[in-house]
Amino acid sequence: PLDRGGSIRGAPQADAVVSLLDIFGFEDMNENGFEQLFINLTNERIQSLFNRIMFERELEEYRREGITAAFDPGRGNAECVDLFCLSKPPGVIKLLADQCQTGKDGAAFVSVLNGRFGNHPYFSVADPRGIQQVMKAKGLASKAAGRMKTQKGATRMTTKKFKKDLSLDYRECFGIRHYAGVVVYTVRDFVTKSRDALLPHLAEVLRKSSKPNLQSLFADDSEDAKGTVGEKFVGQLEKLADDLQQGETLFVRCIKSNMQQIPLHVDRKMVLEQLTRGGVVAALEMRHAGLPDRLEYRTFAEEFDLLDWSSRRAANVDGRVVTEAVLRSIIGGEHQGVLFAFGYNKVFMKSGVLSRLRAVMLLYTKQIVRKVQSRWRAFKGTKLVHRVTETWLTVTAAIAEAKATGVWSVAAISAALEEQQGQVKPWWESIQGLDVKSAVTKLEPLVKDTTFSKLVSRIEATAKQVKSVASRKTSADAAYSSSIQQGLADVHDMLAEISRIEEDTEGVVDTDGGKQRCEEACAAARKRLEELRITALPDLKNQGPTYDLLADGPIEVDSGAVDALIASVSGLVDNARKCGHEITVTRREFQKAIAESSQQRAEASARLDALKKDAQRCMTEGIDGVMDCVNAASELEGQLDDLMEEASDAAAFLATVKELSEAVAAAAAAISKAKAELEKREQERTERTALGSRLDDLAERVAEGLRSLRLRPAVQLESKDTDLAGELTAVSAEVAELRGQLALPLDALRTKVSAAAARADKVVEALEASAQDEFSRRRAMFGGGARVSSALDHPEEFIRQEGVQDHEDVLMRIYAGVKELQEAKAQRSRVKRCLDHFVKHAFAGDSAFDPPGRA
């Protein structure tokens, strides 16, 4: 319960909270924008959490117990989450935040993403053909859809009706390979929606509100609270994920059975797709491949020690010894490592092993109980009393089961059970309320009476017959229900065929009344099919089957009624099919045209696919004209697809195939011509990236120099140090300015960066020399003598000077590693920070004295 302030009453402890998170699934709308991007990011992050819980925790359990995992958790989707959320290097959200400063939106922002993530495994650069395929799959019209050229070059409108007329420009689109599949996003007003529109003075007013809940919403005045909508969202999402990981997280997956919302119908392909994309199938495969059932040795021994004779002969037997003995004797030692494995504290078992052990345990326990009961009754002389009681319970249980399962409707069985119950009832009633001795005396006549033994045998036989008939009836009912379900599935398929006929004949000109006859035939078939789906088949299911439950062998279920209903509508569907065929003569001619041009089109399409990668590279580098050629060919591909759906203009189809071949050839020529420029621009971009990294390195060096000056006491600073600080500040400003001028002509940028680097090197070297002079002076004050070096000492000499020659081998290996990093073009400042961190981490808590200057 919540109090008026919104806090939880009676639950002050965090471990007393049960939280429910209900979110939308992955969304793939006709047009996916800003909102869908963040909805799908949330799902991707939750899916990552699901993978971690289901897979990584499972692996961690195996590692903790020293067992080699028998399954591979796969690649996961962490890279996809990082594609959105990383700050360094910047991900999609960070880049979007940067665009809020520059104002780049739409195609300009997509161009930034294409340049940054063009080769990322989870990012897909949009191209005209890909967008057309997406729109076609969604039943949308593109800008070119609805108009096609005929053979004579005229333009005509298509007759195809789309679900929605929507225009998507590939230049404004990009794709993300989510865990649930590829989703194409359209960038429109992303920058506007990313900006936090609440003005500072309004936020201040709300922060001073008298309502505690309202205050809490605006209480955060940190730097994180001042970010864009996307940056705040990512921060909140990570906090949510951290909270979910703290507790025992359970997942509930909601599965949609069919898109038509038809009861009792399961679209198996659709359901399987949801299970696969939600990670459920992967989790089941992992469970099947691994060892999901596990028990501590003590728990296992407590449950199954009866199955190990050696443990009952010895005292204080270790739980692991009992576990190993039971599994090797019942399951077989040759299956160790496959069906079961022994960890440090637990035993791991394949699915089915634990249930098998429990079945064996139950059977063995029953045997022991029966032996104990038999001997006890013989000792007490109550065996006959127990037999009468058991017989009465058997016949009453058989009657209850017969009534519950519907077997009571069989006259022969119900009559036999009533007769047998009447025969045993007097004996059972005669011993009610008597003590054991009186009951034994009362039943003495039965000792020599063989008729009671025969009655017991008949009752047991009838009870067995009840179970058999009930089992056969259940199987027959299931078969009957299956026939009804099959009938419903057939009706659904025929409805889909009627829809296809209606769609295929849409737009056909009715010259002789054939189309009207087809429409009437389709309407009649649809009406009857809907009657079967809504009324006839459900009524037939409620009536139930008719069968002979006492016949020998399996019960044959008569599905004639279902077949008759299906047959009654099959003729109507055949008539609709025939009418549709008669008015689609032109479509058959179109099929001939497709066959004639199939090879030419396939070759052109394959060549266009091969050009796609180079075209995307040209688009990323801003080379004009190439993508226009590819776009023209892709539009012709879309026109061919639309013509194929219409299937009515064979001449236009052949002409468009020819145009496609010519357009692909033109696109190939344009790419070939642009390759030299493409390679030049890619090299230039690589060099600009390297220059940017060099500027980053310079900025770090300068910042490090300024930090070192600020850490030195003011009394130790000389005028030259002050001058150096001024020069460092100037260099820092110069580097910052150059970082904003990376778009300068390459030669000019290269020259300016080299000049800045030379100036920075000169100032930093002077600063290092000043620091060395100061160190030498202070060393001389303590009698250590002055040591002045105008150049860097060789590593081996420096090691000896520092007095750590006993560790020379280790230090030289570290030096060799640093040289490898330098040759691999690693940034100097980042390597230095890593080494500093390693030293601090290794010597954390070490109180040994280190003289000044040697830290």
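For the structure itself, look to the data block above.
What you are looking at is a predicted structure, and each value in this text was computed from that prediction instead of being measured.

1. A short note on the overall build of the protein
Within the protein, the secondary structure is distributed over 29 helices and 10 strands. Here the protein holds 855 residues, and the buried ones make up 34% of them. Put simply, of all contacts in the protein between residues at least 6 apart along the chain, 71% involve residues at least 24 apart. Summed over its atoms, the accessible surface of the protein is roughly 51100 Å², and 54% of this surface lies on carbon and sulfur atoms.

2. Some points on the sheet that holds strand β9 (residues 340-342)
As summarised here, the arrangement of the three strands in space is β8-β10-β9, forming an open sheet in which the pairing is antiparallel. The two strands at the open ends of the sheet, each matched to only one other strand, are β8 (293-296) and β9. Across the sheet, the mean angle from the axis of one strand to that of its neighbour is 15 degrees, orientation sign disregarded. Two strands pair when backbone bridges link them, and β9 and strand β10 (residues 346-349) are joined in this way by three bridges, in the antiparallel orientation. By the bridge assignment, F340 is partnered in β10 with M349. Together, β9 and β10 form the strand contacts of helix α14 (residues 319-332), whose direction differs from that of β9 by roughly 160 degrees.

3. Comments concerning the pattern of salt bridges
As enumerated under the stated definition, the model contains 30 salt bridges in all. K239 serves as the salt-bridge partner of D243, at 3.3 Å between the closest nitrogen and oxygen. Placement of both D243 and K239 in helix α9 (residues 229-246) is noted, with a separation of four residues, approximately one turn of the helix. Exposure remark for K239: the relative accessible area of 53% places this residue in the exposed category. Of the charged contacts, one joins R298 and E296 as a salt bridge, the two residues approaching to 3.7 Å between their closest N and O atoms.

4. As for the packing of aromatic side chains
Geometry of an aromatic ring pair is reported as the spacing of the ring centres plus the angle between the planes. Following the criterion strictly, the structure yields 11 aromatic pairs and no others. Their ring planes at 10 degrees and their centres at 4.6 Å tell us that W392 and W428 sit as a pair that is stacked. With W392 in helix α16 (residues 383-405) and W428 in helix α17 (residues 411-430), this pair connects stretches of sequence that are 36 residues apart. According to the relative accessible area criterion, W392 is buried, its value standing at 11%.

5. Observations concerning the sheet that holds strand β7 (residues 181-186)
Read from one edge of the open sheet, three strands run β1-β6-β7, paired in antiparallel fashion. Edge positions in the sheet fall to β1 (123-125) and β7, since each has one partner strand and no second. Neighbouring strand axes in the sheet, compared pairwise and without regard to direction, differ in orientation by 30 degrees on average. Bridging between strand β6 (residues 173-178) and β7 involves six bridges; their strand directions are antiparallel. Across the sheet, residue R177 finds its bridge partner in β7, namely V182.

6. Here's the deal with unusual backbone geometry
Keep in mind that most residues, glycine aside, have a negative phi and that most peptide bonds are trans. Here D189, not a glycine, exhibits a phi torsion of approximately 65 degrees, which is positive. Following the sequence through the fold, D189 ends up in the loop between β7 and α6 (190-194). Of the residues examined, D189 reaches a relative accessible area of 47% and is grouped as partly exposed. Of note, Q261 is a non-glycine position whose phi angle comes to about 60 degrees, a positive value. Locating Q261 in the fold gives a position in the loop between α9 and α10 (268-277). With a relative accessible area of 73%, Q261 lands in the exposed category.

7. Digging into the pairing of β10
Note: β8 against β10, four bridges, orientation antiparallel. Across the sheet, D293 pairs through a bridge with M349, a residue of β10.

8. Focus on the environment of G638
Tracing the sequence through the fold places G638 in helix α23 (residues 626-646). Each C-alpha atom, one on G638 and one on P128, is 9.5 Å from the other, the two residues being 510 residues apart in sequence.

9. Comments concerning α16
Quick reminder: α-helices carry 3.6 residues per turn. Residues three or four places apart thus point the same way. The end-to-end C-alpha separation of α16 is 32 Å, in line with the 33 Å expected for 23 residues at 1.5 Å each. When we look at burial in α16, the residues that qualify are V385, V388, T391, W392, V395, A398, I399 and A402. On its buried side, α16 packs onto α17, α18 (436-442) and α19 (450-504). Among the residues trailing α16, G406 stands out with phi positive, at a value near 90 degrees.

10. Quick notes on the nonpolar core
Counting residues in hydrophobic clusters, the biggest one holds 65 residues, and the most contacted among them are F84, L113, F123, I131, F174 and I176. Counting residues per element, this core draws most heavily on helix α24 (residues 650-711), which supplies 11 residues. Apart from the residues lying within four places of it in its own chain, the contact partners of F174 are L37, V110, L113, F123, S124, A126, V183, V184, Y185 and V187.

11. Remarks on the packing of helix α1 (residues 34-64) against helix α11 (residues 280-289)
Relative orientation and spacing of two packed helices are given, respectively, by the angle between their axes and the distance between those axes. Taken N-terminus to C-terminus, the directions of α1 and α11 make an angle of 10 degrees; their axes are 11 Å apart at the nearest point. With respect to α11, the axis of α1 lies roughly parallel. Contacts from F50, M54, F55 and E58 of α1 reach α11 at A282, A283 and M286. For the contact of α1 with α11, the residue count by class is six nonpolar, no polar and one charged.

12. Considerations on the packing of helix α3 (residues 92-102) against helix α4 (residues 107-117)
Their axes nearest at 11 Å, the elements α3 and α4 cross at an angle of 140 degrees. One element, α3, and the other, α4, form an angle in the oblique class. The two elements α3 and α4 cross, and the hand of that crossing is right-handed. Between α3, through V92, L95, L96 and Q99, and α4, the contact on the second element is made entirely by F109, V112, L113, R116 and F117. Taken together, the residues of the contact of α3 with α4 break down into seven nonpolar, one polar and one charged.

13. Brief notes about a nonpolar patch on the surface
A contiguous nonpolar patch, built from V810, L811, I814, L835 and F838 and spanning about 410 Å² of accessible area, is present on the exposed surface. Looking at the nonpolar patch, the elements with two or more residues in it are α28 (808-823) and α29 (828-842). When residues in the nonpolar patch are grouped by element, the largest group, three residues, is from α28.

14. A closer look at the environment of M812
With respect to the helices, strands and loops of the structure, M812 is situated in helix α28. Sequence-wise, M812 and E796 are 16 residues apart; in three dimensions their C-alpha atoms are separated by 7.6 Å. Beyond its immediate stretch of four places on either side in the chain, M812 contacts P795, E796 and I799.

Cut-offs applied
- Residues numbered from 1 in each chain as written.
- Predicted model: local features only at pLDDT ≥ 70, side-chain atom pairs only at ≥ 80, totals over all residues.
- Heavy atoms only, no water.
- Helix = DSSP H or I, 4+ residues; strand = E, 2+ residues; numbered from the N terminus.
- Buried < 20%, exposed > 50% of the residue type's maximum accessible area, 1.4 Å probe, protein only.
- Contact = heavy atoms within 4.5 Å.
- Areas by Shrake-Rupley, 256 points an atom, 1.4 Å probe, with all protein chains shown as cover.
- Pairing = 2+ DSSP bridges.
- Axes fitted to C-alpha atoms, helices over the stretch in contact; angles between N-to-C directions.
- Salt bridge = Lys/Arg side-chain N within 4 Å of Asp/Glu carboxyl O.
- Phe/Tyr/Trp six-rings, centres within 6.5 Å; stacked < 30°, edge-to-face > 60°.
- Expected span 1.5 Å × (residues − 1).
- Core = buried A, V, L, I, M, F, W, Y, C linked by side-chain atoms within 4.5 Å.
- Parallel < 35°, antiparallel > 145°, perpendicular 65-115°, else oblique.
- Nonpolar A, V, L, I, M, F, W, Y, C, P; charged D, E, K, R; others polar.
- Left-handed = near helix turned anticlockwise from the far one by under 90°.
- Patch = residues over 30% accessible without salt bridge, like charges linked within 9 Å, V, L, I, M, F, W, Y side chains within 5 Å.

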